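# Remarks on the overall topology
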Amino acid sequence: MTETIDIAEQALSAKEQGVVEILRLLQHPEDLSRLTDITSEYESRHRTAKATLSAMVQSQVESTRLGMDLLERAHRHILKLQAALERIDRLCAECSDLVHHHDKIKLLATTHGNIKKVLSEIEDIVDLPYRADRCWEMLEADEANLVPAFEALVLLTGTAENAKLAWQRSNKSAADLSELSAYLARVDDVMRRFEKLLFGEHLNLPHFIYLSQERPTLLVDCVRVMELQELLDAEYRRVKMGAVPQRRYKDRFFASITAGAEQRFKNLLELAQACNQPNTVVRIDQDANVVVSEIRDYLGNLTRLVRIVNRQEEVVDDPEELRGIEVFDEPLFDESLFLDELLDRGLYEMTDELAMVYDYTAACFPPSYDIFNRVFQTYHVQFAVVIDVLGHSAADGMSTQGALRVMDWVQKYMDTLRNLGVDDDLVRLPPSPLADPESMPGMVVLMDSYVGRMAKTMTEWYNRILDADLRGNPKPTADGTLCTMGAIDFFRMLSQQVAIIEALNDHGEVMFQTARTALDVMRAFQETQREILAGPGGGGGGAGVAGGRPISLEMAVAFINNNVTCYDQSLQFADDVQRQLSKAYRDQLDIEDVCRGFLEVAKLASQRAVHIMFNDPGLSYQVKGLYGNGNTEYLSGRTTATLIATLRDYFIDFKVWVQPSFLKRVAEAALEELVRRAINMYVVAPPQATEALTKRMSDDEADLLTYFESYVKLDKLHKHISVLADMRELLVANSPETFALAYANLLAMSKSFTLEVVTKIVTTCRSDLTKKQISDMTSQCKDLWKQREVARKVAREDVDKQQEGWGAFFGWGKKLQPHEQQEQQQQQQQQQQKPKAAPSKEKEQPSKPPRSKDKESRSQLPSPPLQQQQQQAKEKGEPASKEKQPLTQKGLKEQEQQSKEKEPTQKGQSTKQRPSEGKEQQKQQPKQ
C-alpha cells in the first residue's frame, strides 16, 4: 500500500514538473513557433525513457528468476545432504561391530589405494598423446624450449613404451595391443618430428655453422640434447634395457656431417666435370661476330643491330645490309663465368665456412667433439676431389689466367688452414679417393700444363730476342762496352713470371715449380747461346736463329758482356727466388750451377771472339809462319813482333768493348788459342832442331810473357808459356829422362802429341841423338802414352757415373712406383754422404771432359819408369838441359831485353784487318 502511494506521489510530482517546464519553455508568444520542435523532442525522450525502463524491468525479472533457480538447487542439495547423513548413520550402525577387525580394514585400505593408483596411471596413459602435442606446441611457440621439450618427450615416450610392455604381459589379445599401440603412436610421431627438426634443420650441415654465428644459444641447446641422449643410452646399456631403442644422437650427428659435405660438394663436382663444356649462349652473325644487341619490328625483321667486329662495336641500321645478316645462338664455354661459379660462389664460400667453424662453431661444442677437425677433414677430402677432377678436365683447355685463379684459390685455402692452426703436414691437398691411384693428381696435371705453357712461351720469347740481337748490331754503352738488350729483356720476362706467382702469396709448391721452370729456361737460353756461338757448322740447333749466319767479332764481344750481365741478373734473381721460397724448398734448386752457366757461356763467347780474331788473314798468316826453319822472318823475330803488335791492336778495342771484369779471361783465351795454334804448327811439321830455332823459340816465350803479364795471372801465364818451353825442350833434350818429362807435360796439355810425332822428332828432326837415346826416349814415351790412355778411360767412367743423376718429380700427393722409391732413397743417401760442392763441368759437357780431370787422374796413376829416370838423373847429378831450366818472369824479361838489343829491327806492325781500314792494309805490312 505504501509503495502504491509512493508511485502516485512520484507521478503527481512528475506531472507538476512537466507543467513547470512547459511554462518555462512557452513564456513568450514567439515560443509557439517552436512547439513542433518541442513536441518531437518530447517524443524522442519519451521513447528513450520507455526503452530504459523496459530494460530495467527485464533485468529485474531475470535476476528474480536466477534467484529462484538458486533457491531450488539449494533445496535439492539440502535434501541430498540429509539423505547422505541418514546413510552415514545407517552405515555406522552397521559397522559398529567391525571396529575390532583390523585386518579387513587394512586390506580394504590397500585395495582402495591400488585402485586409485591404477586409475591415476590410466588417466596418465590416456593423456600421453595430448601431452606430447602440448610439448610440440611449446616448442613451436619458442625454440628456446628445446631442452625442456626434449626432456618431456623422453619421459612420455618412456611411459608409452612401459605401458605397451605392461599391456602385452597382462593381455594376450593382439587386437587390443594393436589398438593401444596405434593410440600411443602419436607420441612416437611427435618424437620423430622433434628429431627431424633437430637433425634436419638445426644440426644440418651447413645450417649449424651459420646457427653458431646467429643463434649460438640454440646450438648449445642442441648439443645439450645430444649429450642428454648419450647419457640415457649409456644408462640403458648399463641396466640392459633392450626394449628401449638407443637413439645414438652423437653418431648420427657425425654421420650427417660427412653425408652433408658430400651432398654439398656434389654440385661442385658436377660443375668441375663440366669444364670446357658450353655453359652460356651468345648471339652471333653468319661471320661469327658477336651480336651485342638487336632490334626487330613486329614482323621479326631486323631494324638495328650492334655487333663486335675487330674488337670494335659496329652499328648496322642499313635495311639492305640488315637483310643479309643472319643471327643465331651459339653455345659457348665462358671460362670466367665458370670459375666465378665454381670458385667465388662455391669453394671460397666453403673455405669461409671452415673459418666460421673455427671462430664460432667450435666454441658451442665440447672439446671431445673435436668439431673443427671433423669438419676440416671432411671438407679437405672433398676439396681434393673437386680440384683433382678440375685439374684433369681443365689441363688442356684452361687458359693461363684461369689456371692462375685456381692455383690462387689453392694457395689461399692452404694459407687459411695455416692461419687456423692446421699442421703443415695436413695443409697439402690429399690424393683424391675417387681418382686412379696410378694417375697423377689433378693439381699436378694443371700445374704441369701451366708450367709447360710458361716454358714454351719463354722459349719463343728468348728465341725472338736472340734473333733480334743477331739481326742488329751491338750498341755501345756510355762506357764504350758493346751489348744488346737481350739479356735485360730476358730477365725482365723471367721476373714477370715469378712476380705473377709472388702475387699469389705462394712460397711453396707453385713458386717452386715456377722457379724450377725458370731455371730450366735459363739453361735452355744458355744452350741456345752455346749453339749460336758454335756457328753454322757447329751442329747445334741454334744455327737456325737469325738464319744461321756467322757472328761478327763485335757480336761475340756483345755475347761476353751480355752473359756477364746475365750472371749478375741471375744472382739477383736467385736471391729473390730464395727469399720467396720456404725453407723446405730452398735446398732443392741448383741455382748456383745455373748462374755459373752464364759465366761458362761468356767464356765460350770469349773463345769465339778469340777464334774470330785469329782467323783474321793477317794474324793467321803470322801464326802460320811460326817454327819455320827456312823462314827468315820468323828467325829474325819479325813474325813474332808483328803477331804481338796485332794482338796489341785488338786488345786496344777489347779494353773498350769488354767489361773490365772479363778482360783478363779474354786475354787468357787469346793466349790459350795462340798456344793451341802454335802446337798445331809444331806437330803438323816438326821443325829441324837448330840453335837459331831454339833461340828464337826461347825469345818468343819471353816476348809473350812480357806482353801477357799485364792481363793474365802469373800462374796461368807460366802454365801456357811452359807448353812452348816443353816443345822447345823436345828439340834440345839430350837425356831420355828430360825428354820424357817434357813429353809428359805436353801430353797432359794436348792430345796432339802422339807417338808418331815423337818418332818423327827423334828420328827426323834430331840428328844429334844416338840409336840408344832414340830407343830409350821412344820407350819411355810409349809408357807415358799407355798411362794416359788408362787415365782417359777412368775419367770417362767417372763422367758416366756423374751423369746418372736423378730429378725428383714435383707433385701434390704423387704416388711413386716401388722401384722409383728405392732409387730415390738410394740417391738421397748418396747425396747426404757426399759433401756439398759446386757441380763439375763434366755434368754440363760430358762429351768433353775437362783437362784438369785428366790431369788429376794421371797424377793418381803410378809412373815408375819416369820416376826412376828422374831419380837416376838426380843421383848422377846430371842437370837438365840449359834450355829446360825454369823460366822465371825476371829471366824471361832479361832474355827479351837481350833480344831487343841484338835485333832492334824485329819490331813489326800490326796486321789486323778491318773492313773500314782496307786502304791502310799496305801500311800495316811488316817492315823489311
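Model, not experiment: these values are computed from the prediction.

## Focus: the overall build of the chain
Secondary structure assignment for the chain yields 32 helices and seven strands. Sorting the 928 residues of the chain into buried and exposed places 39% on the buried side. Contacts in the chain between residues far apart in sequence, at least 24 positions, make up 76% of those at least 6 positions apart. Surface exposure of the chain reaches about 53200 Å², of which carbon and sulfur atoms provide 53%.

## Overview of the pattern of salt bridges
Applying the stated rule across the entire model yields 34 salt bridges. Of the charged contacts in the structure, one is a salt bridge between Glu41 and Arg45, with a shortest N-O distance of 2.9 Å. Of the two residues, Glu41 and Arg45 are both situated in helix 2 (residues 35-95); the distance of four residues between them amounts to about one turn of the helix. Under the relative-accessibility criterion, Glu41 is labelled partly exposed at 39%.

## Quick look at the packing of helix 8 (residues 249-273) against helix 11 (residues 371-394)
Axis separation between helix 8 and helix 11 bottoms out at 10 Å; the angle between their running directions is 20°. Put simply, helix 8 runs roughly parallel to helix 11. Helix-helix and strand crossings are classified by hand; for helix 8 and helix 11 the assignment is right-handed. In contact with Phe253, Phe254, Ile257, Thr258, Ala261, Glu262, Arg264, Phe265, Leu268, Leu269, Ala272 and Gln273 of helix 8, helix 11 contributes Ile371, Arg374, Val375, Thr378, Tyr379, Gln382, Phe383, Val385, Val386, Val389, Leu390 and Ser393. Looking at the contact of helix 8 with helix 11, its residues break down into 16 nonpolar, five polar and three charged.

## Considering helix 22 (residues 638-657)
Over its 20 residues, helix 22 runs 29 Å from end to end, which matches the ideal 28 Å to within 8%, given 1.5 Å per residue. Burial analysis of helix 22 places 16 of its 20 residues in the buried class, the great majority of the element.

## Details of the packing of aromatic side chains
According to the stated counting rule, one finds 33 aromatic pairs in the structure shown. Ring centres of Trp409 and Tyr413 lie 5.1 Å apart, and the angle between their planes is 5°; this geometry places the pair in the stacked category. Of this pair, Trp409 and Tyr413 both sit in helix 12 (residues 400-419), separated by four residues, roughly a single helical turn. Among the residues examined, Trp409 registers a relative accessible area of 1% and is labelled buried. Relative accessible area serves as the criterion here: at 1%, Tyr413 is assigned to the buried category. A centroid spacing of 5.3 Å and a plane angle of 85° characterise the contact between Phe651 and Phe654, whose relative ring orientation is edge-to-face. Taken together, the positions of Phe651 and Phe654, both in helix 22 and three residues apart, correspond to about one turn of that helix. Judged by relative accessible area, which is 0%, Phe654 ranks as buried. Grouping aromatic residues by their ring pairs yields a cluster made of Tyr462, Phe490, Phe491, Phe525, Phe573 and Phe598. Directly above the aromatic system of Phe254 lies the positively charged group of Arg374, at a separation of 3.7 Å from the ring centroid. Of note, Arg788 hangs over the ring of Trp785, and the distance from its end group to the ring centre comes to 5.3 Å.

## A look at the sheet that holds strand 4 (residues 312-316)
Taken in spatial order, the three strands make up an open sheet running 2-3-4, and their pairing is antiparallel. Edge strands, defined here as strands with exactly one partner in the open sheet, are strand 2 (291-296) and strand 4. Shown here is a sheet whose adjacent strand axes are inclined to one another by a mean of 10°, direction ignored. As paired strands, strand 3 (residues 302-309) and strand 4 are joined by five bridges and run antiparallel to one another. Note on strand 4: the bridge partner recorded for Val306 is Val315.

## Notes on the nonpolar core
Membership of the largest hydrophobic core comes to 201 residues, with the highest contact counts inside it found for Phe253 and Phe654. Ignoring any residue separated from it by four or fewer positions in sequence, one finds Phe253 in contact with Phe199, Leu203, Phe208, Met226, Phe365, Tyr369 and Ile371. Grouped together as the second largest cluster of nonpolar side chains are seven residues, Val291, Leu302, Leu305 and Leu322 included.

## Details of the environment of Arg238
Tracing the sequence through the fold places Arg238 in helix 7 (residues 216-239). A polar atom in the side chain of Arg238 sits 2.4 Å from the side chain of Glu235.

## Brief notes about the side chain of Thr639
Tracing the backbone shows Thr639 in helix 22. Judged by relative accessible area, which is 4%, Thr639 ranks as buried.

## Focus: the confidence of the model for the chain
Residue-level pLDDT values for the chain average 76, and 78% of them are 70 or greater. Note on residues 805-821: pLDDT under 50 across the span, and 35 contacts to partners over four residues away in sequence or across chains. The low-confidence segment residues 914-928, where pLDDT is below 50, has 17 contacts with residues more than four positions distant or belonging to other chains.

## What to know about a nonpolar patch on the surface
Where nonpolar side chains cluster on the molecular surface, the patch consists of Ile22, Leu26, Leu32 and Leu35 and spans about 350 Å² of accessible area. In this structure, Leu32 sits in the loop between helix 1 (2-25) and helix 2. Accessibility expressed as a relative area gives 55% for Leu32, which makes it exposed.

## Focus on unusual backbone geometry
A cis amide bond links Leu205 with the next residue in sequence, Pro206, at an omega value of 10°. For Pro206, the position within the fold is in the loop between helix 5 (174-202) and helix 6 (207-214). The backbone of Arg248 shows a phi angle near 50°, a positive value even though the residue is not glycine. Mapped onto the elements of the fold, Arg248 is located in the loop between helix 7 and helix 8. A relative accessible area of 40% means that Arg248 is categorised as partly exposed. With a phi angle near 45°, Asp370 is a residue other than glycine that sits in the positive phi range. Taking relative accessible area as the criterion, Asp370 reaches 37% and is therefore assigned partly exposed.

## Considerations on the packing of helix 12 against helix 14 (residues 442-471)
At a closest axis distance of 10 Å, the pairing of helix 12 and helix 14 adopts a crossing angle of 135°. Classed by the angle they form, the pair helix 12 and helix 14 counts as oblique. Between helix 12 and helix 14 lies a crossing whose hand is left-handed. Together, Thr400, Ala403, Leu404, Val406, Met407 and Val410 of helix 12 and Met443, Leu446, Met447, Tyr450 and Arg453 of helix 14 make up the contact between the two elements.

Thresholds, definitions, all that
- Residues numbered from 1 in each chain as written.
- Predicted model: local features only at pLDDT ≥ 70, side-chain atom pairs only at ≥ 80, totals over all residues.
- Heavy atoms only, no water.
- Helix = DSSP H or I, 4+ residues; strand = E, 2+ residues; numbered from the N terminus.
- Buried < 20%, exposed > 50% of the residue type's maximum accessible area, 1.4 Å probe, protein only.
- Contact = heavy atoms within 4.5 Å.
- Areas by Shrake-Rupley, 256 points an atom, 1.4 Å probe, with all protein chains shown as cover.
- Salt bridge = Lys/Arg side-chain N within 4 Å of Asp/Glu carboxyl O.
- Axes fitted to C-alpha atoms, helices over the stretch in contact; angles between N-to-C directions.
- Parallel < 35°, antiparallel > 145°, perpendicular 65-115°, else oblique.
- Left-handed = near helix turned anticlockwise from the far one by under 90°.
- Nonpolar A, V, L, I, M, F, W, Y, C, P; charged D, E, K, R; others polar.
- Expected span 1.5 Å × (residues − 1).
- Phe/Tyr/Trp six-rings, centres within 6.5 Å; stacked < 30°, edge-to-face > 60°.
- Lys NZ or Arg CZ within 6 Å of the ring centre and 35° of its normal.
- Pairing = 2+ DSSP bridges.
- Core = buried A, V, L, I, M, F, W, Y, C linked by side-chain atoms within 4.5 Å.
- Polar contact = N/O pair within 3.5 Å; in protein donor to acceptor, adjacent residues only side chain to side chain.
- pLDDT = per-residue confidence, 0-100.
- Patch = residues over 30% accessible without salt bridge, like charges linked within 9 Å, V, L, I, M, F, W, Y side chains within 5 Å.

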